[in-house]
Structure formats: C-alpha cells, structure tokens
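As a plain string of letters, each chain reads:
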Amino acid sequence: MNAIKDSVHDWIPLDDVAVDLVDAPAIQRLRHIKQLSTVRLVYPSASHSRFEHSLGVYHLAREALQHLGIDGDRAAHVRAAALLHDVGHGPYGHQTEDVIRRHTGQDHDDIGELLYETTLAGVLESHDLDPDRVAALVAGEGELGQLVSGELDVDRMDYLVRDAHHTGVPYGTIDHGRLLRALRFRDGHLVLAENNVHTAESLLLARSLMDGTVYRHHVSRIAGAMLERASERLLETGRTVREFRRMADHDLLVALREDVPDLGTRIERRSLYKRAVWAGLDRVPEAVTEMDREAERQAANEIADEAGIDRESVIVDIPSRPALKESRSRVVVNGVVQRLEEASELVGSLRRARRANWRLGVYCPENDVEAVERAASDVLGLP
C-alpha cells in the first residue's frame, strides 16, 4: 500500500482506488486551489491546498470507518467520496461558489456530472465502484453520507486542525482521535456516544473561534468581496461559466488581471478597498440583512451615485445571518439522543457571540471612505 507524508496526520496510507484517483487530472488540479483562498492575504503561511485537505479527509474517513466496523463495498464508496468531496470547487474555493451557483444552480458538492465529464467515473468503475453512489455520498445523502457531509463530518475535523496548523493560530485544535472513536450510528443518525457532550462542544467552540479569527477576518472578507465582484465582471466579458469553474487560482488571477484590471491588479498586489461601514446587527435594519444579491448590488450603485464616484468602486457585503450548524450535532445523554443545542448551555453563549460579531461591510477605495460612509448611512438607513 502506498502512503503519503502529511503535515497534519503524518503518514496517510492509500488504497488502490485512492492511488488511481489521486493521479487523475481533476484531483491534481486541487493542488492549485488554496484551501483558505483570500485568508492567505492575512496569514501568509496559510498556503495549503485543497489537495492535501482532501487527502486528510480521506484519511479520517478511513479511520472513522474502522472504528465503526464498516468495511467492504460500503467503506470503499465512502473513502472514494471523502477523497473526491472537494473536486467540484471552482477557483478560490468558497469565494467563487456563489458566483457559480447563480449561473449554474449547482454547489461544489454537486459532482455527479463532473465525474462523467472527467476521467473520474472511469477510474471508479474500474474498481467496481458506482460513480452515482459516490456523488450521493459527497452530497451527504444516506446514512454514510453524514460522515462526508454533516454536522459531525470528517471534512470539518480535518479543515479545523489543518487550517489552525497552517495559519499558526491555536483555536482550531480539536481531539479528532476522540471524536472518531466516539462516533456511532443510532436510528440512521451519526451521533457521539455517551459522555461526549464536551467532545461535541470542543468542535463547536473551535469552529466558532476559527470563524471569527480566521474565516471571517475583515481583510479576507474585503478581498473575497472584491474577488466575487471581479469574477462576475469576468463572466460578462464572454468567458463561460464552464471554463470559469474549472480554472485554478492562478488561472483566475491572470484572467482578472487581463480582463478586469482595476480589481484584478488590486487583488494580486493586496491593494484592497477599505471599510467605509462596518456595522453590527444592532445598527442594521432587518430588511437590509435580508437583501438578496441583486438588491445588494443595487444598494451599492445607489451609494456610489450619492457619493459621486464610479459604481464599480463600491461593494456592499451582507453576510448571511448568524448560524451554528454544529449545534445540531447529536449526542447521547443518559441513553437518549439529543441535539447538542439541547444538551449544552455553551451553545446559547456561542450564538450570542456570533450575533455580536456579525458585521455588514461597505468597501471602497481609501480616498472615498468618508463620502461613501455618509452615502451608505443614508441609503441603508443606518443610525
């Protein structure tokens, strides 16, 4: 059995299916998509790729299956799904996912068509694996799909530890060994065994701390918003979404520099817009927090017009309302399966913290900050 040295999990043994999948061009492409996209503009050492993350998820899935006593054909399909779970990502990963979704209606975990458009389906079939079944697992369908995409999935276990390792922050540290050993299936649900409320809380706490410190850092959010705007403009120049979604990070950066130079050059050189508005939920009308992308763009245009600057120089960034997906994790308490939010008092505190940390952003060039701040307060109805 072949093995790959990993910076987080040490040696990762690969079965025959994984060896052939790793060599496929669609998987090798993940070497050129950074796991943390624009976060690396904040944390320079966060240069790890979705390729190594995929190997880590494969490794943790393999470990989880062994602890659960699942083997044979069922386990082989789950391992393949774990390795392929990110193959549908576009350039810069989640930062361009909304752009792709608006143009195709598909998310990165909708990989059914992609498997057949590439060599991946053939590789799977050569090992007597069903591509459609693998795609369903990647989408989180069925009992075993929860291992790949769910509240207690191995994807989350790997990226928290890996992202903390590469950014150098201590907040994503979790005991994934204990988490894996505590996994059980009860009535079709993936749960943590008795006496593991604190284990589940550690996952929730790590995710919350990483969210505020790393994933939603204001510099990354500004760069991500600029990248999304630039990507939309790139598609307006005649590039097809099919071509766009199969780009690697460097392909997109070159294309933006050539076809959307005002934003592309800024992103490449980290010459980013500044915050004209950075407002919490207590300052933002509810109607504004519920704006869709079209309304958000219209608001940006109105702000630019009122400030007397070019429309492309203002970006309104309204994140989704605060949520804690991990709070729906299931744990066994006194023999009864409960949601973590029912079993833990910590969940309420973290929800309040998430609400307190939520921010609406309005971004523009540094010289226009004061004019845009005044205009944004008027257009968005901010006190």
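Attention shifts here to the overall build of the chain. Scanning the chain for helices and strands turns up 21 helices and 9 strands. Over its C-alpha atoms the chain spans a radius of gyration of 22 Å, differing by no more than 12% from the 21 Å that the globule rule assigns to 383 residues. Per-residue burial for the chain yields a buried fraction of 54% across its 383 residues. Sequence separation of at least 24 residues holds for 73% of the intrachain contacts in the chain that already meet a minimum separation of 6. For the chain, the accessible area works out to roughly 16500 Å², and carbon and sulfur atoms hold 44% of it. Positive and negative side-chain charges in the chain, numbering 48 and 65 respectively, have mean positions lying 4 Å apart.

Attention now moves to the nonpolar core. The biggest cluster of nonpolar side chains holds 76 residues, and the ones touching the most others in it are L21, L84, L120 and L183. Not counting the four nearest positions on each side in its chain, L84 is found in contact with L21, I27, I111, L115, L120, L124 and V134.

This next bit is on the pattern of salt bridges. All told, the structure shown has 35 salt bridges when counted by the stated rule. A single network of salt bridges, built from pairs that share partners, joins D98, R101, R102, D107, E228, E232, R293 and E296.

The subject of this paragraph is the packing of helix α13 (residues 218–236) against helix α16 (residues 261–269). For the pair α13 and α16, the least separation of the axes is 9 Å and the interaxial angle reads 145 degrees. Note on packing geometry: the crossing formed by α13 with α16 is left-handed. Residues M226, L227, R229, A230 and R233 of α13 pack against D262, L263, R266 and I267 of α16. Across the contact of α13 with α16, the residue classes tally to 5 nonpolar, no polar and 4 charged.

To continue, consider the environment of A81. In this structure, A81 sits in helix α4 (residues 72–84). Of the residues examined, A81 reaches a relative accessible area of 0% and is grouped as buried. Separated by 23 residues in sequence, A81 and Y58 place their C-alpha atoms 8.1 Å apart. In contact with A81, other than residues within four places in its own chain, are V134, L137, V138 and V148.

Taken together, the 3 strands give an open sheet; going across it, the order is β5-β9-β6, and neighbouring strands pair in antiparallel fashion. The strands lining the two open edges of the sheet, one partner per strand, are β5 (274–279) and β6 (315–317). In this sheet, adjacent strand axes meet at a mean angle of 15 degrees when their direction is disregarded. Alignment of β5 against strand β9 (residues 360–364), held across 5 bridges, turns out to be antiparallel. Following the sheet pairing, R275 is matched in β9 by Y363. In the packing of helix α21 (residues 369–380) onto the sheet, the strands contacted are β5 and β9, and the crossing angle to β5 comes to about 30 degrees.

So, about the side chain of D86. Inspection of the secondary structure puts D86 in the loop between α4 and α5 (97–104). With relative accessibility at 2%, the residue D86 sits in the buried group. Discounting residues that sit within four places of it in the chain, D86 has contacts with L30, Q35, R50, H53, S54 and H108.

Read across the sheet, 4 strands follow the order β3-β4-β7-β8 without closing on themselves; strand pairing throughout is mixed. One side of each edge strand has no neighbouring strand; the edge strands of this open sheet are β3 (183–186) and β8 (336–339). Neighbour-to-neighbour, the strand axes of this sheet turn through a mean angle of 45 degrees, independent of strand direction. Across 4 bridges, the pairing between strand β7 (residues 330–333) and β8 is antiparallel. Looking at the pairing, R330 lines up with R339 of β8.

The full count for this structure, using the stated rule, is 1 aromatic pair. Its guanidinium or amino end placed over the ring of F51, R31 lies 4.0 Å from that ring's centre, counting from NZ or CZ. In this structure, R275 packs its charged tip against the face of W278, placed 5.0 Å from the ring centre.

Procedures and definitions
Residues numbered from 1 in each chain as written. Predicted model: local features only at pLDDT ≥ 70, side-chain atom pairs only at ≥ 80, totals over all residues. Heavy atoms only, no water. Helix = DSSP H or I, 4+ residues; strand = E, 2+ residues; numbered from the N terminus. Rg over C-alpha atoms; globule rule 2.2 N^0.38 Å. Buried < 20%, exposed > 50% of the residue type's maximum accessible area, 1.4 Å probe, protein only. Contact = heavy atoms within 4.5 Å. Areas by Shrake-Rupley, 256 points an atom, 1.4 Å probe, with all protein chains shown as cover. Lys, Arg positive; Asp, Glu negative; His and termini not counted. Charge placed at Lys NZ, Arg CZ, Asp CG, Glu CD. Core = buried A, V, L, I, M, F, W, Y, C linked by side-chain atoms within 4.5 Å. Salt bridge = Lys/Arg side-chain N within 4 Å of Asp/Glu carboxyl O. Axes fitted to C-alpha atoms, helices over the stretch in contact; angles between N-to-C directions. Left-handed = near helix turned anticlockwise from the far one by under 90°. Nonpolar A, V, L, I, M, F, W, Y, C, P; charged D, E, K, R; others polar. Pairing = 2+ DSSP bridges. Phe/Tyr/Trp six-rings, centres within 6.5 Å; stacked < 30°, edge-to-face > 60°. Lys NZ or Arg CZ within 6 Å of the ring centre and 35° of its normal.

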